[in-house]
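Architecture and fold: a report
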Amino acid sequence: MIFVTGNESRGDDAAGPLLVQQLEGDLPASARVVCEFQLQVEHALELRGADLALFVDAACGLETPFEFAEADGNGPVSSFSHALSPEAVLDVFRRIEGAEPPPAFILGLRAVRFELGEGLSALAADAVGAALPFARELFEVPQPDRWRAVAQARARSLPRLGKKSAV
């Protein structure tokens, strides 16, 4: 299950959809892709029957072109907003299904501009370019244990400076 969020009319918010478009021929035949402007409560239902989930979105404040991490599924669920984080979608799944969601990961792409009508910034274009071969490798072995090992290895090698507002 792949959730890609973004708006192709809002600058770097197009990074996620652009990456997934470029991956189209490399995705496993069983992959289901949901492309939306933002995550909502209803997306938790898309996780039914999934063995693995990937959330792809533009992310502000990244020190590197992209980050990849496991989502813990313990995010807050707002009762007044229609937009959710990946963690909140996983938590909604847990609440409505009474079961654990599938292992889920987040691929955040560095982004800096989100104004309506803007094009992709050079930083976001570089992020998409850097994430493309990485994502292709992920999809060669779409297994939770493999993705978890990759996420843990990347976490040890990435700089952790400043405040980050990811996916």
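Above this text you will find the structure in question.
Residues numbered from 1 in each chain as written. Predicted model: local features only at pLDDT ≥ 70, side-chain atom pairs only at ≥ 80, totals over all residues. Heavy atoms only, no water.

When helices and strands are tallied, the chain shows 4 helices and 5 strands. The order of helices and strands in the chain, counted from the N terminus, is β-α-β-β-β-α-β-α-α. Counting every position in the chain, which comprises 167 residues, the buried fraction comes to 44%. For the chain, restricting intrachain contacts to residue pairs at least 6 apart in sequence, the fraction spanning at least 24 positions comes to 76%. (Helix = DSSP H or I, 4+ residues; strand = E, 2+ residues; numbered from the N terminus. Buried < 20%, exposed > 50% of the residue type's maximum accessible area, 1.4 Å probe, protein only. Contact = heavy atoms within 4.5 Å.)

Below, the discussion takes up the pattern of salt bridges. In this structure the tally under the stated criterion is 9 salt bridges. Of the charged contacts, one joins Asp-26 and Arg-136 as a salt bridge, the two residues approaching to 2.5 Å between their closest N and O atoms. Placement of Asp-26 in the loop between helix 1 (15-23) and strand 2 (33-36) and of Arg-136 in helix 3 (residues 122-140) is noted, with a sequence separation of 110 residues between them. Of the charged contacts in the structure, one is a salt bridge between Asp-91 and Arg-94, with a shortest N-O distance of 3.4 Å. Of this pair, Asp-91 and Arg-94 both sit in helix 2 (residues 86-97), separated by 3 residues, roughly a single helical turn. Residue classification places Asp-91 among the buried residues on the basis of a relative accessible area of 10%. Each of Asp-91, Arg-94, Arg-95 and Glu-100 takes part in salt bridges that share partners, so that together they form one network. (Salt bridge = Lys/Arg side-chain N within 4 Å of Asp/Glu carboxyl O.)

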